[in-house]
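# Structural description and commentary
Given next are the chains, with one letter for each unit.
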Amino acid sequence: SVTWCDNGDLLAAWFSANEENGRGMVVLSSRFSPDRNAWSPATLFFKVPDRNMTGTSLFNDGKGRLLHFNGVEASGDWQNLIVVLRTSTDNGLSWSAPRIIAPEHTRRHQVISGTIQTPEGWIIQPCDAGPEGNDGAALQISKDGGQTWYDPWDGAPRPDFQPGGKGTTIAGI
């Protein structure tokens, strides 16, 4: 994931691991500074000890705040995650403690890079709806600047993804 910082830098973050289903996963980051015209060496950005942390997204909300979303597993797998959120108000130099915004270790919580903000100010964080690669995408939505979050899914089974089809899970991941 990559986002812009208010000071002109770019901030990138990604996971690294010996195995994707392992507990040794870390999230690394690098910063591009226009003054140096170079990316900094990769450094540790986020780690929950002994947990898989599949899925990272960075977002600048346009109000002086960076958001970092990440999935965190209860074990070494990457299927049943919670979603945590950290914030920064100093261009990503320091971060708040992670706050759980999707508290149940379940599917529909594998964070996808691509956070957006609607004209109304809603923050929308997409997530994989399941681990199979064809389960579609889910959304975590905040209408109050990131204080509270919800998934509009109605609990229905995955729809039959076809052009013009309807359902509360989005086709594609």
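Preceding block: the structure.
Small disclaimer: the values here were computed from a predicted structure and weren't measured. (Residues numbered from 1 in each chain as written. Predicted model: local features only at pLDDT ≥ 70, side-chain atom pairs only at ≥ 80, totals over all residues. Heavy atoms only, no water.)

### What to know about the pattern of salt bridges
Tallied over the entire structure, the rule returns six salt bridges. Arg51 serves as the salt-bridge partner of Asp50, at 3.9 Å between the closest nitrogen and oxygen. With a relative accessible area of 26%, Arg51 lands in the partly exposed category. Between Arg65 and Asp61 there is a salt bridge, and its shortest N-O distance comes to 2.9 Å. Looking at Asp61, the relative accessible area reads 7%, which means it is buried. Bridged by salt links that share partners, the residues Arg23, Asp50 and Arg51 form one connected network. (Salt bridge = Lys/Arg side-chain N within 4 Å of Asp/Glu carboxyl O. Buried < 20%, exposed > 50% of the residue type's maximum accessible area, 1.4 Å probe, protein only.)

### Here we look at the sheet that holds strand β7 (residues 66-73)
With antiparallel pairing, four strands are arranged side by side in an open sheet as β6-β7-β8-β9. The open sheet is flanked by β6 (56-60) and β9 (99-106), the only strands paired with a single partner. Ignoring which end each strand starts from, the neighbouring axes of this sheet average 15° apart. The pairing of β6 with β7 spans five bridges and is antiparallel. Paired with Asn60 across the two strands is Leu66, which belongs to β7. (Pairing = 2+ DSSP bridges. Helix = DSSP H or I, 4+ residues; strand = E, 2+ residues; numbered from the N terminus. Axes fitted to C-alpha atoms, helices over the stretch in contact; angles between N-to-C directions.)

### Structural notes on the packing of aromatic side chains
Under the criterion given, the structure shown has three aromatic pairs. Centre to centre, the rings of Phe45 and Trp95 are 5.4 Å apart; their planes meet at 85°, and the pair counts as edge-to-face. Of this pair, Phe45 sits in strand β5 (residues 43-46) while Trp95 sits in the loop between β8 (81-88) and β9; the two residues are 50 residues apart in sequence, bridging distant segments of the chain. By relative accessible area, which is 19% here, Trp95 ends up buried. Their ring planes at 85° and their centres at 5.5 Å tell us that Phe69 and Trp149 sit as a pair that is edge-to-face. Pair noted here: Phe69 is in strand β7 and Trp149 is in the segment after β13 (137-142), with a separation of 80 residues, a long-range link. (Phe/Tyr/Trp six-rings, centres within 6.5 Å; stacked < 30°, edge-to-face > 60°.)

### Some thoughts on the side chain of Asp9
Looking at the element boundaries, Asp9 is found in the loop between β1 (2-4) and β2 (10-16). The exposure class of Asp9 is buried, given its relative accessible area of 9%. At 3.2 Å, the side chain of Asp9 and the side chain of Arg31 are in polar contact. Ignoring any residue separated from it by four or fewer positions in sequence, one finds Asp9 in contact with Thr3, Trp4, Arg31, Phe32, Ser33 and Pro34. (Polar contact = N/O pair within 3.5 Å; in protein donor to acceptor, adjacent residues only side chain to side chain. Contact = heavy atoms within 4.5 Å.)

### Describing unusual backbone geometry
Even without being glycine, Asn37 reaches a positive phi, approximately 55°. Among the secondary structure elements, Asn37 is positioned in the loop between β3 (26-33) and β4 (38-39). A positive phi angle, close to 60°, is found at Asp50, a residue other than glycine. On the secondary structure map, Asp50 appears in the loop between β5 and β6.

### Some details on the side chain of Thr169
Relative to the assigned elements, Thr169 resides in the segment after β13. A polar atom in the side chain of Thr169 sits 3.0 Å from the side chain of Arg108. Other than its neighbours up to four places away in sequence, Thr169 contacts Arg108, Ala129, Asp135, Gly136, Ala137, Trp153, Pro159 and Phe161.

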